[in-house]
Amino acid sequence: MQPHGPGTTAAPRMRVTGLLLLVAHLLTVAWLTLRPRTVPWVPAANLEPLATIRAELARGWSWEAVQHLGGSVLLLAPLGVLLPLSAGRLNVSPLVSLTRTAFAGAMIALAIELLQSGVPGRVPDIDSVLLGALGVAVVHLAVVPGARRRLRRRYGPLGGTTPTIPRVGLAPKADALSGGRTYL
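Summary of the structure given here. What you see is a predicted model, and the numbers here were worked out from it, not measured in a lab.

Here's the deal with the overall build of the chain
Then, number 1: A count of helical and extended segments in the chain gives six helices and zero strands.
Then, number 2: Residue burial in the chain is summarised as follows: out of 184 residues, 32% are buried.
Then, number 3: Within the chain, contacts between residues separated by at least 24 positions form 73% of all contacts whose residues are at least 6 apart in sequence.
Then, number 4: Approximately 12,100 Å² of the chain is accessible, and the part contributed by carbon and sulfur atoms is 68%.

Given below as structure tokens:
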């Protein structure tokens, strides 16, 4: 097991597993969202934020509304766990981790919507980007902080001691190249 400390990454197996699951999920999402559909009629693209959400909610809480809105939220939600897992860092600020993950999820959702504009029968919708980013952020908040806390507890205190040089047993000088001392 690789040691964990400030700026170090988790075990390589965890990162590789995260990357493989991330690629598998993204391929599944691409297959689901970028296949051409044969439909007799296609609505216009929605570039007004929250318009589709308002329209679905105005129709009432029907099964179609829950499917449409919930499907958009759940489609990219696993990225909230898979992106931090593939990065493999344990000592990251929760706010920084949430920001990075939500931003990456929003960019992936935006890329999917932009690619859908060229697929027959598919229509880009800005609300899908918003709902996808929301799903990524909610899953990240629900799972990642607790999982990181458990992993930190499992592997003991992180960043407690200064690393030493093997075979010598000395810690490196922090100010050796700072210019504060002359060595001549």
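Examining unusual backbone geometry
Then, number 1: Of note in the backbone geometry, L50 takes a positive phi value of approximately 70 degrees without being a glycine.
Then, number 2: As for its placement among the helices and strands, L50 is situated in the loop between α1 (12-33) and α2 (51-58).

Side note on the environment of N46
Then, number 1: Looking at the element boundaries, N46 is found in the loop between α1 and α2.
Then, number 2: In this structure, the C-alpha to C-alpha distance between N46 and D125, residues 79 residues apart in sequence, is 4.7 Å.
Then, number 3: Here the side chain of N46 touches D127 through a polar contact of 3.3 Å, side chain to side chain.

Examining α1
Then, number 1: The end-to-end C-alpha distance of α1 is 31 Å, a good match for the 32 Å that 22 residues give at a rise of 1.5 Å each.
Then, number 2: Taken together, the buried positions of α1 are occupied by G18, L22, H25, V29 and T33. For α1, the arc enclosing every buried residue in end-on projection is 70 degrees, short of the 170-degree limit, so these residues lie on one face. Away from the buried face of α1 by more than 90 degrees, exposed residues R13, L20, L27 and W31 are located.
Then, number 3: At its buried positions, α1 is contacted by α3 (63-75), α4 (79-87) and α5 (94-116).

Rules and cut-offs
Residues numbered from 1 in each chain as written. Predicted model: local features only at pLDDT ≥ 70, side-chain atom pairs only at ≥ 80, totals over all residues. Heavy atoms only, no water. Helix = DSSP H or I, 4+ residues; strand = E, 2+ residues; numbered from the N terminus. Buried < 20%, exposed > 50% of the residue type's maximum accessible area, 1.4 Å probe, protein only. Contact = heavy atoms within 4.5 Å. Areas by Shrake-Rupley, 256 points an atom, 1.4 Å probe, with all protein chains shown as cover. Polar contact = N/O pair within 3.5 Å; in protein donor to acceptor, adjacent residues only side chain to side chain. Expected span 1.5 Å × (residues − 1). Arc of directions from axis to C-beta.

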